[in-house]
Amino acid sequence: MSAILESLQNSSVSQPDRSGAIRRMRGLLKTNQPAPTDEEVAEMLTDRRVAKYLK
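Here's a quick rundown of the structure. All figures in this text were calculated on a predicted structure; none of them were measured in a lab.

1. A look at the overall build of the protein
Broken down by element type, the protein carries 3 helices and 0 strands. Mapped from its N terminus to its C terminus, the protein presents α and β elements in the order α-α-α. In the protein, which comprises 55 residues, the proportion classed as buried is 2%. Of the accessible surface of the protein, which amounts to about 5900 Å², a share of 56% is contributed by carbon and sulfur atoms.

Here's what the structure looks like:
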């Protein structure tokens, strides 16, 4: 039991590579299309609310 505890105390815990994960997530979000305008976003929200509450 003591050998296990000593080996756990001596081992270092590696930190996850957060910058790599962030780069991969940004890659998932990339598109060739421009971002929607404020008016387009407002229209999408209105359409969603109409579909959710009025149908």
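2. Looking at a nonpolar patch on the surface
Together, Met1, Ile4, Leu5 and Leu8 line one region of the surface with nonpolar side chains, adding up to about 480 Å² of accessible area. We classify Leu5 as partly exposed; its relative accessible area is 49%.

3. A few points about helix H2 (residues 18-29)
With 12 residues, H2 ought to run about 16 Å at 1.5 Å a step, and its terminal C-alpha atoms sit 17 Å apart, in line with that. Of all 12 residues in H2, 1 are buried, a share of ten percent or less.

What counts and how
Residues numbered from 1 in each chain as written. Predicted model: local features only at pLDDT ≥ 70, side-chain atom pairs only at ≥ 80, totals over all residues. Heavy atoms only, no water. Helix = DSSP H or I, 4+ residues; strand = E, 2+ residues; numbered from the N terminus. Buried < 20%, exposed > 50% of the residue type's maximum accessible area, 1.4 Å probe, protein only. Areas by Shrake-Rupley, 256 points an atom, 1.4 Å probe, with all protein chains shown as cover. Patch = residues over 30% accessible without salt bridge, like charges linked within 9 Å, V, L, I, M, F, W, Y side chains within 5 Å. Salt bridge = Lys/Arg side-chain N within 4 Å of Asp/Glu carboxyl O. Expected span 1.5 Å × (residues − 1).

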